[in-house]
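Chain and residue survey
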Amino acid sequence: MAIEAWFMDESSEDQRLPHQTNPPEHVSMEYLADLGVLYWNLNPKNFENDEELKKIRESRGYSYMDLLDLCPEKVENYEQKLKNFYTEHIHGDEEIRYCLEGSGYFDVRDKNDRWIRIWMKPGDLIVLPAGIYHRFTLDTSNYVKLMRLFVGEPVWTAYNRPQENHPARKEYLKNFTEKFGVPLEAH
Ligand SMILES: CSCCC(=O)C(=O)O
Ligand SMILES: [Fe+2]
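The rules behind each value
Residues numbered from 1 in each chain as written. Chains lettered and ligands numbered in written order. Predicted model: local features only at pLDDT ≥ 70, side-chain atom pairs only at ≥ 80, totals over all residues. Heavy atoms only, no water. UniProt positions renumbered as here; feature names shortened; annotations may be inferred. Helix = DSSP H or I, 4+ residues; strand = E, 2+ residues; numbered from the N terminus. Polar contact = N/O pair within 3.5 Å; in protein donor to acceptor, adjacent residues only side chain to side chain. Buried < 20%, exposed > 50% of the residue type's maximum accessible area, 1.4 Å probe, protein only. Lys, Arg positive; Asp, Glu negative; His and termini not counted. Salt bridge = Lys/Arg side-chain N within 4 Å of Asp/Glu carboxyl O. Contact = heavy atoms within 4.5 Å. Donors = N, O, S within 2.8 Å, 3.2 Å for Na, K, Ca; no water. Tetrahedral: all angles 85-135°; square planar, octahedral: opposite > 155°, others 65-115°. Pairing = 2+ DSSP bridges. Axes fitted to C-alpha atoms, helices over the stretch in contact; angles between N-to-C directions.

The protein chain is annotated in an unreviewed UniProt entry as Acireductone dioxygenase of Oldenlandia corymbosa var. corymbosa. Per UniProt, the comment on the protein chain under Sequence similarities (unreviewed entry) is "Belongs to the acireductone dioxygenase (ARD) family." UniProt's Pathway (unreviewed entry) comment on the protein chain is quoted here verbatim: "Amino-acid biosynthesis; L-methionine biosynthesis via salvage pathway; L-methionine from S-methyl-5-thio-alpha-D-ribose 1-phosphate: step 5/6."

Below you can see the structure in the form of structure tokens.
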């Protein structure tokens, strides 16, 4: 099963709406893979003893794991956190999220700096590469339960855009240049 992703429209309406263009422009897994985004579809009901998840964690060194239940009762400074999640940023490391319940949107910038909206639903595991500009919002269902994975001790620090001199950003752009032979415009 593939994940659903599309280019976003320019409207400033409620961030929890789908923001599809008219007509919709769907984005393939191959296109996302070119941006360095990895994807797996797993059985979310079996996350506690899933051999496939175990293999992914072992092969990629994801030793750390915790669960984030994104609702006002369970998260301190809920509104502020949601605001921060939707502020465009990068990290010095991969961001790995596995959706167990509910749903939400990860937005990532493509090589022409357009927003791609990735709809995370139960069973979707994605890896965003270090240095990719991204943000996250709940959708209109208003609830998501995510597994967070990390290599070693987790670092959640977000560096808000612009970050063109951040080593992770430079490295990400360099990977692009090597892959496509042309530099990604620095924004
Ligand atoms: C709710 S997890 C996704 C938000 C995000 O980009 C982050 O935590 O850095
Ligand atoms: Fe992030």
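Moving on from the coordinates now.
Moving on to the environment of Ser-141. Assignment of secondary structure puts Ser-141 in the loop between β9 (134–138) and β10 (144–150). C-alpha of Ser-141 to C-alpha of Gly-102: the two residues are 39 residues apart in sequence and 7.1 Å apart in space. Within the local environment of Ser-141, its side chain forms a polar contact with the side chain of Ser-103, the two groups lying 3.3 Å apart.

This part takes up the side chain of Asp-50. Residue position: Asp-50 is located in the loop between β2 (38–41) and α2 (51–60). One buried charged residue, Asp-50, forms no salt bridge at all, with the nearest opposite charge on Lys-55 at 8.3 Å. At a separation of 2.9 Å, a polar atom in the side chain of Asp-50 contacts the main-chain amide nitrogen of Glu-52. Contacts of Asp-50, omitting those with residues within four sequence positions, involve Leu-42 and Asn-43.

What follows deals with the environment of Glu-95. Take Glu-95: it is sitting in strand β5 (residues 95–102). Distance in space between the C-alpha atoms of Glu-95 and Val-37 is 9.9 Å, their sequence separation being 58 residues. Apart from the residues lying within four places of it in its own chain, the contact partners of Glu-95 are His-89, Phe-106, Ile-126, Val-127, Leu-128 and His-134. A distance of 2.7 Å separates polar atoms of two side chains, one belonging to Glu-95 and the other to His-91.

Binding of the iron ion (ligand 2) to the protein goes through His-89 (NE2), His-91 (NE2), Glu-95 (OE) and His-134 (NE2), at separations of 2.0 to 2.2 Å. Coordination at the iron ion (ligand 2) is octahedral, judged from the 6 donor atoms that bind it and the angles of 74 to 172° they form at the metal. In primary sequence terms, the donor set of the iron ion (ligand 2) follows H-x1-H-x3-E-x38-H. Here His-91, found in the loop between β4 (89–90) and β5, pairs with His-134, found in strand β9; they are 43 residues apart in sequence, far enough to count as distant.

Attention shifts here to the sheet that holds strand β3 (residues 64–70). Spatially, the 5 strands line up as an open sheet ordered β2-β8-β5-β10-β3, and their pairing is antiparallel. Each edge of the open sheet carries a strand with a single partner, namely β2 and β3. Pairs of neighbouring strands in the sheet enclose a mean axial angle of 20°, with direction left out of account. Of the strands in this sheet, β2, β3, β5, β8 (124–128) and β10 touch α2, which is tilted by about 155° from β2.

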